[in-house]
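Understanding the architecture of this molecule
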Amino acid sequence: MAELDDTDIMMNYNGDYLKGDRKNSRYPYCIVWTPIPILSWVLPFIGHMGICTSSGVIRDFAGSYFVSEDNMGFGRPTKYWKLDVDKVCGHGAATWDKAVLDASEEYKCRPHNLCFDNCHSHVAMALNLMRYDNSTSWNMVNLCMLSLIHGKHVRITEIASHSFSALVNLRFLDLSGNQLALIHPEALSIPGSPLQELNLSHSLYNFTALTDLTTALRWGGLQGLLCLDLSGNHLALLPPGMFSHLPNLQQLFLANNSLVTIYTGTFSGMNHLEVLDLRHNAFRTFRGDTLPELEKLGNIRILLGNNPYTCSCEIHNYVAWLNESKAQVDVDAVRCASPRGLTGTQLRGLGVKTIGCVVPVQTEVTDLTLQTSYVFLGLVLGFVGMVFLFVLYLNRNGMKRWIIEMRDACRDVLEGYHYRYEIDSDPRLGHISAHNSVNRAQGHLALTLLQQQPNDTCVVPTDTHVKQVTTSPPISL
């Protein structure tokens, strides 16, 4: 786990992450632990231990007749074990602080013995004085075992800008096991790009951290990075182009995540990739647009085993790719997880009939039927057209007469319209039209008067007046 001198750290405090003071390393009500060089490398369960007061000040038996305060021997704590103050017999914080003080004063008068009376014994005496968990049998052995079980690593949650810029010879950076929630865009920027391996497994706290990491990989200038480990981060997706600024990357580990698909452009720009680990994810199949993304990686080693593959018709294209791909796939571990009848069956060589896939056959038959339908429709339309032309040919004389009659009728109508237009437009013929109108009006008036006179009255219309003629009865002689 990387140590950062100029950034804050986070600690687990009753399930909540509280910001601690990096310079003073405050861990209230905690037992803290730090490795001893060389000795802890050989025996990882052995290290230097101290106990903190209620305010978080570390007291540790650092040597003969010396109990340090707020300056832990062998460096700052790397692990801590949070104790429950309610299990202290007495008045809680006051009893805790008094027990720590009394044990420290006692060990200021004792020589340090690596095997029988050491820093673990100092912490055990403090717990016995406060009767923690109603026990007075605390010793170096059970403390060593319980701290190994319950101890938690001090975790980093934020990486500031240029945090590693002073480490110009840094080749390997291990940030695994942290809970990174904030990564500055230039957090990984190091002059000269010396970094070759970056381990971020089990370190991203949420999706926001993934977005920050994508930006940091883009701005970090990591052209020399050869290996990147992002396993165990619960990643559900990978942004397209996330690794495009790592042109020399050779190994990419994405195991133990929650990936369900690979999007187009995810691995763009990775021309030197040799190993891609996608094991233990949530892949059920690979869609048709995903397989070209894997195929363009070329002849590399791709680990695809231990995924919950569903062996249905949808996996047909993936099976075909496994059978034909040039990539070095761990085919022995690529097996069906469902349905139950195919559980444990290898996907490579899996037949279409085995997975009950009839969709490709149906599609082929449907396409053939559709093509046949188009041909038949063309033949029918061609036959109808030929019949129509044949009927026209048989009735050519009648059609000719009908066309001539229609032409003459249209010509007569047009000549009538033309004649009316010439009369209406010639001023010399205007009085003829008016005189005809007066005559028509007088004719209508005479007809009306004639209808109103008795039967023996005769009306003779003239140009200017109406003359009435009365008939007398006949004279008898």
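Calculation notes
- Residues numbered from 1 in each chain as written.
- Predicted model: local features only at pLDDT ≥ 70, side-chain atom pairs only at ≥ 80, totals over all residues.
- Heavy atoms only, no water.
- Helix = DSSP H or I, 4+ residues; strand = E, 2+ residues; numbered from the N terminus.
- Buried < 20%, exposed > 50% of the residue type's maximum accessible area, 1.4 Å probe, protein only.
- Contact = heavy atoms within 4.5 Å.
- Disulfide = S-S within 2.5 Å.
- Arc of directions from axis to C-beta.
- Salt bridge = Lys/Arg side-chain N within 4 Å of Asp/Glu carboxyl O.
- Core = buried A, V, L, I, M, F, W, Y, C linked by side-chain atoms within 4.5 Å.
- Pairing = 2+ DSSP bridges.

Here isoleucine 36 shows up in the loop between β3 (30–35) and α1 (39–42). Residue classification places isoleucine 36 among the buried residues on the basis of a relative accessible area of 15%. For the pair isoleucine 36 and glycine 75, spaced 39 residues apart in sequence, the C-alpha separation works out to 9.0 Å. Discounting chain neighbours no more than four positions away, the residues touching isoleucine 36 are Trp41, Gly47, His48 and Phe74.

Under the definition given, this model contains one disulfide. Across the disulfide from cysteine 311 sits cysteine 336; the S-S distance is 1.7 Å. Linking cysteine 311 and cysteine 336, the disulfide has an S-S dihedral of approximately -95° and is accordingly described as left-handed. With cysteine 311 in the loop between β17 (309–310) and α7 (316–324) and cysteine 336 in strand β19 (residues 336–338), this pair connects stretches of sequence that are 25 residues apart. Exposure class is identical for cysteine 311 and cysteine 336. Each is buried. Lacking any disulfide linkage, cysteine 52 is separated from the closest cysteine sulfur, that of cysteine 30, by 6.0 Å. Residue classification places cysteine 52 among the buried residues on the basis of a relative accessible area of 0%. Summary of cysteine pairing: cysteine 144 is not part of a disulfide, and the nearest cysteine sulfur, belonging to cysteine 119, is at 9.6 Å.

A separate point is α7. The set of residues buried in α7 consists of Tyr318, Val319, Trp321 and Leu322. Relative to the axis of α7, the buried residues are bounded by an arc of 160° and lie together on one face. Buried-residue contacts for α7 involve α6 (291–295), β16 (301–303), β17 and β18 (328–329).

This next bit is on the pattern of salt bridges. The full count for this structure, using the stated rule, is 10 salt bridges. Two residues, aspartate 277 and arginine 279, come together in a salt bridge whose shortest N-O distance is 2.8 Å. Residue class for aspartate 277 comes out buried when judged on its relative accessible area of 3%. Note that arginine 407 is salt-bridged to aspartate 408, the shortest N-O span being 3.7 Å. Taken together, the shared-partner salt bridges in this structure form one network comprising Glu106, Arg110 and Asp117.

Of all hydrophobic cores here, the largest spans 62 residues; its most connected members are Leu228, Phe243, Leu252, Leu276, Leu304, Tyr318 and Leu347. Listing elements by their share of this core, those giving two or more residues are α5 (207–219), α6 and α7. Top contributing element to this core by residue count: α5, with five residues. Among residues more than four places away in sequence, those in contact with leucine 276 are Leu252, Leu254, Phe267, Leu294, Leu297, Ile300, Arg301, Ile302 and Leu303. Of all hydrophobic cores here, the second largest spans 24 residues; its members include Met49, Trp96, Val100 and Leu143.

With that settled, the discussion passes to the sheet that holds β16. On the basis of which strands lie adjacent, the open sheet formed by seven strands has the order β10-β12-β13-β14-β15-β16-β18 and parallel pairing. In this open sheet, the two edge strands, each paired with only one partner strand, are β10 (172–174) and β18. Note: strand β12 (residues 197–199) against strand β13 (residues 227–229), three bridges, orientation parallel. When the sheet's bridge partners are listed, leucine 198 is paired in β13 with leucine 228.

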